[in-house]
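Below, each chain spelled out in residue letters.
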Amino acid sequence: MLFQFDLSTPSEGLVDITREVKEAISESGVTEGICVIYCPHTTSAITINENADPDVKTDFLYGMDKIFPDMSAFRHCEGNSDAHLKSSAVGVSETVIVSKGRPLLGTWQGIYFCEFDGPRSRKFYVKVMRG
Ligand code: ZN
């Protein structure tokens, strides 16, 4: 089953979408299988990372800015090449094992929508497959 979610993002940040993914799995009725979380955008991404200390999100964004700074040599007319680089580096999807009707996440793992060029109206998809 395929589920679509809409969200409004901040200028830059990690939005916790673990609850939405759990809802999709629950609604699908799949107890054992695979779940793909995908965003159809070129300046955002999907990642799994720590959900306990909020400073991890802050440090993640700080580190991404250090690795992919906005550079005057960029030619892209939209002026957001750093966000395109971050999107490709992090990736636009994650795959999670579904076990006992839940995403098989570690104790400290959460699923995040990463916004690198907001604020925008975004969407992401959750595909749940039995198997
Ligand atoms: Zn662009």
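Preceding this paragraph is the structure being described.
Structure report, in brief. Source: prediction; values computed, not measured.

### Notes on the coordination of the zinc ion
Turning to step 1, where the next piece is worked out: Looking at the zinc ion, the protein donor atoms are His76 (NE2), Glu78 (OE), Asn80 (OD1) and His84 (NE2), and they sit 2.0 to 2.2 Å from it.
Turning to step 2, where the next piece is worked out: Given four donor atoms and angles of 90 to 145° at the metal, the environment of the zinc ion is assigned as irregular.
Turning to step 3, where the next piece is worked out: If you list the donors of the zinc ion from N- to C-terminus, the spacing comes out as H-x1-E-x1-N-x3-H.
Turning to step 4, where the next piece is worked out: Look at His76 and you get partly exposed, because its relative accessible area is 32%.
Turning to step 5, where the next piece is worked out: By relative accessible area, His84 is classed as partly exposed at 24%.

### Observations regarding helix H3 (residues 81-90)
Turning to step 1, where the next piece is worked out: Listed as buried for H3 are Ser81, Asp82, Ala83, Lys86 and Ser87.
Turning to step 2, where the next piece is worked out: Lining the buried residues of H3 we find strand E4 (44-50) and helix H2 (55-67).
Turning to step 3, where the next piece is worked out: Gly91 occupies a position one or two residues after H3 and carries a positive phi of about 100°.

### A word on the pairing of strand E7 (residues 109-115)
Turning to step 1, where the next piece is worked out: The element E7 is largely enclosed, with a buried count of six among its seven residues.
Turning to step 2, where the next piece is worked out: In the sheet, strand E2 (residues 13-16) pairs with E7 via four bridges, with the strands oriented antiparallel. Among the inter-strand pairings, Val15 is bridged to a residue of E7, identified as Phe113.
Turning to step 3, where the next piece is worked out: Bridging between E4 and E7 involves seven bridges; their strand directions are antiparallel.

### Structural notes on the packing of aromatic side chains
Turning to step 1, where the next piece is worked out: The tally for this structure, following the rule as stated, stands at two aromatic pairs.
Turning to step 2, where the next piece is worked out: Considering the side-chain rings of Phe5 and Phe124, the 5.1 Å spacing of their centres and the 15° angle between planes classify their relative orientation as stacked. Linking Phe5 in strand E1 (residues 2-8) with Phe124 in strand E8 (residues 121-130), this pair joins segments that are 119 residues apart in sequence. Considered together, Phe5 and Phe124 belong to a single accessibility category, that of buried residues.

### Topic: unusual backbone geometry
Turning to step 1, where the next piece is worked out: Between Gly118 and Pro119 the backbone carries a cis peptide bond, its omega angle lying at 0°.
Turning to step 2, where the next piece is worked out: On the secondary structure map, Pro119 appears in the loop between E7 and E8.

### Re the sheet that holds E2
Turning to step 1, where the next piece is worked out: Taken in spatial order, the three strands make up an open sheet running E2-E7-E4, and their pairing is antiparallel. Edge positions in the open sheet fall to E2 and E4, since each of these has one partner strand only. On average, adjacent strands in this sheet sit at an angle of 35° to one another, irrespective of strand direction.
Turning to step 2, where the next piece is worked out: Of the strands in this sheet, E2, E4 and E7 are in contact with H2, which crosses E2 at around 140°.
Turning to step 3, where the next piece is worked out: Packing of H3 onto the sheet brings it into contact with E4 and E7, and relative to E4 it is tilted by some 55°.

### Focus on the pattern of salt bridges
Turning to step 1, where the next piece is worked out: Enumeration over the complete set of coordinates arrives at eight salt bridges.
Turning to step 2, where the next piece is worked out: Salt-bridge contacts for Glu23 lead to Arg19; the nearest nitrogen and oxygen are separated by 2.8 Å. Taken together, the positions of Glu23 and Arg19, both in helix H1 (residues 18-28) and four residues apart, correspond to about one turn of that helix.
Turning to step 3, where the next piece is worked out: Residues Asp65 and Lys86 are paired through a salt bridge, measuring 2.5 Å at the closest nitrogen-oxygen approach. Here the residue Asp65 occupies a position in helix H2, and Lys86 occupies one in helix H3, the gap between them amounting to 21 residues.
Turning to step 4, where the next piece is worked out: Judged by relative accessible area, which is 32%, Asp65 ranks as partly exposed.
Turning to step 5, where the next piece is worked out: Relative accessible area serves as the criterion here: at 1%, Lys86 is assigned to the buried category.
Turning to step 6, where the next piece is worked out: Connected through shared salt-bridge partners, Glu12, Asp65, Asp82 and Lys86 make up one network.

How each quantity is defined
- Residues numbered from 1 in each chain as written.
- Predicted model: local features only at pLDDT ≥ 70, side-chain atom pairs only at ≥ 80, totals over all residues.
- Heavy atoms only, no water.
- Donors = N, O, S within 2.8 Å, 3.2 Å for Na, K, Ca; no water.
- Tetrahedral: all angles 85-135°; square planar, octahedral: opposite > 155°, others 65-115°.
- Buried < 20%, exposed > 50% of the residue type's maximum accessible area, 1.4 Å probe, protein only.
- Helix = DSSP H or I, 4+ residues; strand = E, 2+ residues; numbered from the N terminus.
- Contact = heavy atoms within 4.5 Å.
- Pairing = 2+ DSSP bridges.
- Phe/Tyr/Trp six-rings, centres within 6.5 Å; stacked < 30°, edge-to-face > 60°.
- Axes fitted to C-alpha atoms, helices over the stretch in contact; angles between N-to-C directions.
- Salt bridge = Lys/Arg side-chain N within 4 Å of Asp/Glu carboxyl O.

Geometry only, nothing functional implied.
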